[in-house]
Amino acid sequence: MSQPVDLTYYLPQDVSYNPAIPKPSTVLGFEVGEMHGEYHPMLTYYQTLAEASPRITLEVYARSYEQRPLIMLTITSENNQERIDALKAQHQRLSDPASAQEVSVEEAPVVVWMGYSVHGNEPSGTNAAMLVAYYLAAAQGPSIDSLLDNSIILIDPFINPDGMNRFATWVNSRKSLHLSTDPHNIEQNEPWPRGRTNHYWFDLNRDWLLLQHPESRGRLVKFHEWKPNVLTDHHEMGTDATLFFQPGVPSRENPNTPASTFILTEQLGKYHAKGLDAIGSLYYTQENYDDFFYGKGSTYPDVNGGVGILFEQASSRSHAQESENGILTFPFTIRNQFTVSLTTLQGALAMKKELLTHQRNFYQEALAEAAEDPVKAYVFAIPNDPARLYHFTQLLQQHQIAFYQSTQDITQQDSHFPADQSYVVPMAQKQYHLIKALFEKNTTFDDSLFYDISAWTMPLAFDLNYAPLTQRALHTGEEVDSLAFPQGTLIGGKSEYAYVFEPDGYYAHRAIYRLLKAGLNLKVATDTFSDAQGRKFDYGTILLPLSIQEEATKARIDSLIEKIVTEDGITVYNASTGLNNDGISLGSGKFVTLKKPEIALLIEGGVNSYDAGEVWHLLDQRFQIPVTLLSIEKFNQVELDRYNVLVMVDGSYREISTEATEKLKQWVQKGNTLIAMQEAGKWLSDRQMGGFRYKKIPADSASRRPFASREAYQGAQVIGGAIFEARLDVTHPIAYGYDDENISLFRSNSLFMEPASNPYVHPVMYTEEPLLSGYISEEKEDLLRGTAAVGVANFGKGVVINFTDNPNFRAFWFGTNKLFMNSLFFGHIMR
């Protein structure tokens, strides 16, 4: 039977507690740690606590995809609460180099943000947050008064409410009265996709920099309202571990992070060690984890004048589980998280002056460093895709990066930037360090191991035309407050013959799907042409002939055209005649009829849930295209005739039966499109589907190496996430809508596809000098040179499209989404 728990197990006993403040059990119906807290009871508790305590205010800062409110508790003394807006404004001035000296670091309060359980199945943090809030509301005495007078504490109690509730429901509904601690027990083994991720199966702890989800966007608004001095990020790790706190591995610090950040992190660590020693908990630091990628909760503050702290607590993943260190109970994990929460507050209070000074210096020194930087600004443009430009500038604005309209045409690095279509980001602004982190390319590193990706250069991810400038003043006009989502144009007015539009806009496929869904007959140009006005239209131009439409009236068609112009940002042309000045005419057989894609996405089993979620999110949220999420179990059982496109993201697919494999082959041979990515393509190749060949990875040629070097050597051979250059065949349907044959691909695997003898099979190929940004070993780069990034093969009447990489990575790789969307819509014409 589970051991009874009460608050004395967790709470310090050197203070008294106000009996008027409700304890968690009065709302939950059980003590913290006895069960896993679920979302709505915990939300009710925080609301009850805020009503009962003048120290606490509660606000909603976002809603999750499942419409759960995300809340922020602001906790400080009653006197501070009465002047909270003034204190916030004062704190903001610390990050303004022009006014920072006006703020007294002796008198100003320190701001501490505590974020719990961004991974929903790491629940000790979320449950500890209730104890932290109760303690700060109820504790009485001189020490707590001093803390609240000199601190503003922001508690983000459930960063990922959808995933957290998914997990809590699982373990609570499988809890026994007499606990089983067996790691093989069902309670300890949650099903795919697990509670780690949000609704669309994204890891929100990689989204602080990328900002592709409402939870993150709302959170960042609050972050920049306060610019906390310390931000804690509470996680869990493997059951056999102990507890980790930062700093991480010293050699893996991001060079854009000041050395003082590491020193402050190390000093805070002494408070954690003292607190954990007092309760007898084991811990470690400066191993395994690093602070390199700024997209995590524990690293984003480092490039914004604060100090981020990662806590990783060994996970019970249930109510109790066997481990190398004995039975690991859920209450024990909560107590550790609660303890380091309090030690963070103790350390921040003791180091208040140093932390506030660090923030002031960070922004003042940024301007000085910008003055010494040979790069004075970056210029960027996307002439033919204003929607992609809009999304990129949204990202800049959310990170408080100023950008300006260019005042003159610029030619730089063989690229031309027309003034009316180009924008400039000057380096001389307070977000200098973050600009460098977003724009620079880096291929030189002190360490060859990375906990996460080694490159995320945003202009490359968005496939921007961009370049560094050595002079800013000549090219900067007015600061841009915001760009509106672009509207297209209907050129030539309403047509009586046909409409045409090119596929270069980001939302072209959303427009195509709207028209196909309405039952319209669309065609795609497989060659170029010029119309009667001399306008040139490229490969992939979409044709809507009016005379062959049977499912819609002329008025309905005109209404749809207006919709794609205004909502999808598409420029549509009135084609008043089928006779063109140059190239194919509108009645040519080189205009091929399109099919409405009926898409199934294989999920569960050994499928990579992150990659599957990226496809689901892309189609559902951005392109408004329904997709069937087809479990492998169901795939083994059902016929596939209702689908004409099947997507297999990275995964092992070992659960697919032999019979289902044969069924899949027959389905493709009938004339359907099968799209595979990464290991899924290898799985197909091993089953004689597509005929793709892969290079073998040579064995280590060394006869002997020191045993202690094995982790460093093997880790250095991992392509954990870097950016590489490839060449497109812009005449191929998979590249319709691209003007430039150069493209940046994100890669995080060691699959190297051999070029086929057929010269038409590989429309995307890696260059001979592929590395653009990030880390890759020399051995792996040699293997990558000149290999295929995409393979397209006939299979019966159908086609297999094989991506060696993930074109939809973390939802922010806008530049290669079109390759994937083209494979959905144009796969059937790629034979």
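Relevant structure appears above.
Residues numbered from 1 in each chain as written. Predicted model: local features only at pLDDT ≥ 70, side-chain atom pairs only at ≥ 80, totals over all residues. Heavy atoms only, no water.

Novice: Help me out: how do you make sense of the overall build of the protein chain in this one?
Specialist: Tallying secondary structure elements over the protein chain gives 23 helices and 36 strands in all. Relative to a compact globule of 831 residues, whose C-alpha radius of gyration would be 28 Å, the protein chain shows 28 Å and is just as compact. For the C-alpha atoms alone, the extent of the protein chain along its principal axes is close to 90 × 65 × 65 Å. Looking at the protein chain residue by residue over its 831 residues, the buried ones come to 62%. (Helix = DSSP H or I, 4+ residues; strand = E, 2+ residues; numbered from the N terminus. Rg over C-alpha atoms; globule rule 2.2 N^0.38 Å. Buried < 20%, exposed > 50% of the residue type's maximum accessible area, 1.4 Å probe, protein only.)

Novice: Looking at this structure, how should I read the pairing of strand S30 (residues 645–648)?
Specialist: Moving residue by residue along a regular strand, the side chains alternate between the two faces of the sheet. Residues of S30 alternate between two faces, with Val645 and Val647 on one and Leu646 and Met648 on the opposite face, all of them buried. Across 3 bridges, strand S28 (residues 599–603) lies against S30 in parallel orientation. What sits directly across from Leu601, in S30, is Val647. Sheet analysis places S30 next to strand S31 (residues 673–677), joined by 4 bridges and oriented parallel. (Pairing = 2+ DSSP bridges.)

Novice: What's the story with the sheet that holds strand S27 (residues 591–593) in this structure? I'm lost.
Specialist: The strands making up a sheet associate through backbone hydrogen bonding, with each pair oriented either parallel or antiparallel. Spatial strand order, S19-S25-S20-S24-S21-S27: 6 strands in an open sheet with mixed pairing. Of all strands in the sheet, those with a lone pairing partner are strand S19 (490–491) and S27, marking the two edges. Examined bridge by bridge, strand S20 (residues 498–501) and strand S25 (residues 572–575) share 3 bridges and lie antiparallel to one another. Residue pairing across strands places Val500 opposite Tyr573, the latter belonging to S25.

Novice: Which parts of the structure should I look at to understand the pattern of salt bridges?
Specialist: When charged atoms on two side chains of opposite charge get close, those side chains can pair. All chains considered together, the criterion is met by 35 salt bridges. One salt bridge in this structure joins Glu102 and Arg93, with 4.0 Å as the shortest N-O distance. Classification of Arg93 by relative accessible area gives partly exposed; the value is 31%. Here the salt bridges do not stand alone but share partners, grouping Glu122, Arg196, Asp203, Arg206, Asp452 and Arg810 into one network. (Salt bridge = Lys/Arg side-chain N within 4 Å of Asp/Glu carboxyl O.)

Novice: Sorry, what's going on with the sheet that holds strand S23 (residues 536–537) here?
Specialist: Strand order in the open sheet formed by 3 strands is S23-S22-S26, and the pairing between neighbours is antiparallel. The open sheet has two free edges, formed respectively by S23 and strand S26 (582–583), since each of these has just one partner strand. Inspection of the sheet shows strand S22 (residues 529–530) paired to S23 by 2 bridges, in the antiparallel sense. Paired with Ser530 across the bridge in S23 is Lys536.

Novice: For this particular structure, what's the right way to read helix H13 (residues 432–439)?
Specialist: In terms of burial, H13 is a largely internal element, 8 of the 8 residues being buried. Within the sequence span of H13, burial applies to Tyr432, His433, Leu434, Ile435, Lys436, Ala437, Leu438 and Phe439. The secondary structure elements touched by the buried residues of H13 are helix H11 (352–372), strand S12 (377–381), helix H12 (386–398), strand S16 (422–426), helix H14 (458–461) and strand S17 (465–469). (Contact = heavy atoms within 4.5 Å.)

Novice: Any chance you could explain the packing of helix H4 (residues 84–93) against helix H8 (residues 214–226) here in plain terms?
Specialist: The axes of two packed helices give the description: the angle between them and the distance between them. Where H4 contacts H8, the two axes come as close as 7 Å, and the packing angle between them is 80 degrees. Between H4 and H8, the angle is such that the two are roughly perpendicular. Listed contacts from H8 to Ile84, Lys88, His91 and Gln92 of H4 are His224, Glu225 and Trp226. Here the residues of the contact of H4 with H8 sort into 2 nonpolar, 3 polar and 2 charged. (Axes fitted to C-alpha atoms, helices over the stretch in contact; angles between N-to-C directions. Parallel < 35°, antiparallel > 145°, perpendicular 65-115°, else oblique. Nonpolar A, V, L, I, M, F, W, Y, C, P; charged D, E, K, R; others polar.)

Novice: Where do I start with the packing of helix H17 (residues 609–622) against helix H23 (residues 814–826) in this structure?
Specialist: Relative to each other, H17 and H23 sit at 85 degrees, their axes nearing to 12 Å. By the angle between their axes, H17 is roughly perpendicular relative to H23. Of the residues in H23, those in contact with Val615, Leu618, Leu619 and Arg622 of H17 are Phe814, Asn817, Phe820, Met821 and Leu824. Considering only residue class, the contact of H17 with H23 consists of 7 nonpolar, 1 polar and 1 charged.

Novice: What should I look at first to understand the packing of aromatic side chains in this one?
Specialist: Applying the stated criterion across every chain, the model contains 54 aromatic pairs. Measuring from centroid to centroid gives 4.8 Å for Trp201 and Trp616, while their planes differ by 50 degrees, and the two rings are tilted. Remark: Trp616 occurs in helix H17 and Trp201 occurs in the loop between helix H7 (161–172) and H8; sequence separation between them is 415 residues. Centroid distance Phe724 to Tyr766: 6.3 Å. Interplanar angle 90 degrees. Geometry classified as edge-to-face. Of this pair, Phe724 sits in strand S32 (residues 722–728) while Tyr766 sits in strand S34 (residues 764–773), placing them 42 residues apart in sequence. Classification of Phe724 as buried rests on a relative accessible area of 0%. Judged by relative accessible area, Tyr766 falls into the buried class, the value being 3%. Taking NZ or CZ as reference, Arg510 lies 4.0 Å from the ring centre of Tyr507, over its face. We note Lys663 situated over the ring of Phe635; from NZ or CZ to the ring centre the distance is 5.2 Å. (Phe/Tyr/Trp six-rings, centres within 6.5 Å; stacked < 30°, edge-to-face > 60°. Lys NZ or Arg CZ within 6 Å of the ring centre and 35° of its normal.)

Novice: Would you mind showing me how to read the pairing of S20 here?
Specialist: Across the two faces of S20 the burial is the same, with Ala498 and Val500 and Tyr499 and Phe501 all buried. Alignment of S20 against strand S24 (residues 542–545), held across 4 bridges, turns out to be antiparallel. In the strand pairing of S24, Phe501 is matched with Ile542.

Novice: Explain H17 to me, please; I cannot follow it from the model alone.
Specialist: Residues spaced three or four apart along an α-helix point in a common direction, a consequence of the helix completing one turn every 3.6 residues. Compared with an ideal rise of 1.5 Å per residue, which puts 14 residues at 20 Å, H17 spans 19 Å between its outermost C-alpha atoms and is within 8% of the ideal. Among the 14 residues of H17, 11 are classified as buried, and the element is accordingly described as predominantly covered. Looking only at H17, the buried set comprises Ser609, Asp611, Ala612, Gly613, Glu614, Val615, Trp616, His617, Leu618, Leu619 and Arg622. Close packing links the buried residues of H17 with helix H15 (508–517), S28, strand S29 (627–631), S31 and H23. The opening residue of H17 is Asn608, an N-cap whose side-chain oxygen sits 2.9 Å from the backbone nitrogen of Tyr610. Looking at the residues trailing H17, positive phi occurs at Gln624, about 55 degrees. (Expected span 1.5 Å × (residues − 1). Polar contact = N/O pair within 3.5 Å; in protein donor to acceptor, adjacent residues only side chain to side chain.)

Novice: Mind showing me how you'd approach unusual backbone geometry here?
Specialist: Residues other than glycine predominantly adopt negative phi, and peptide bonds predominantly adopt the trans conformation. Omega for the bond connecting Trp192 with Pro193 falls within 30 degrees of zero, at 5 degrees, which places this linkage in the cis form. Mapped onto the elements, Pro193 comes out in the loop between H7 and H8. In this structure, Pro247 follows Gln246 across a cis peptide bond, with omega equal to 20 degrees. Positioned with a positive phi, Gln400 is a non-glycine residue whose angle comes to about 60 degrees. Its relative accessible area of 33% is what places Gln400 among the partly exposed residues.

Novice: Please explain the environment of Ser124 as it appears in this structure.
Specialist: Along the chain, Ser124 falls in helix H5 (residues 124–138). A relative accessible area of 0% means that Ser124 is categorised as buried. Residues Ser124 and Pro331 lie 207 residues apart in sequence; the distance between their C-alpha atoms is 8.0 Å. Contacts of Ser124, omitting those with residues within four sequence positions, involve Glu236, Gln313, Phe330, Thr333, Ile334 and Gln337. Within the structure, Ser124 has its side chain in polar contact with the side chain of Glu236 (distance 2.6 Å).

Novice: Would you take a moment to explain the environment of Gln413 for this structure?
Specialist: With respect to the helices and strands, the residue Gln413 is situated in the loop between strand S14 (410–412) and strand S15 (415–417). Separated by 216 residues in sequence, Gln413 and Thr197 have C-alpha atoms that sit 41 Å apart. Here Gln413 is in contact with Tyr466, Ala467 and Pro468, once residues within four sequence places are set aside.

Novice: Can you help me understand the side chain of Asp531 in this one?
Specialist: Here Asp531 shows up in the loop between S22 and S23. By relative accessible area, which is 9% here, Asp531 ends up buried. Excluding residues within four positions of it along the chain, Asp531 makes contact with Phe537, Asn580 and Asn581.

Novice: Before we go on, may I ask you to explain the environment of Phe293 in this structure?
Specialist: Structurally, Phe293 can be placed in the loop between helix H9 (259–279) and strand S9 (307–314). The spacing of Phe293 and Arg747 is 454 residues in sequence and 16 Å in space, taken between C-alpha atoms.

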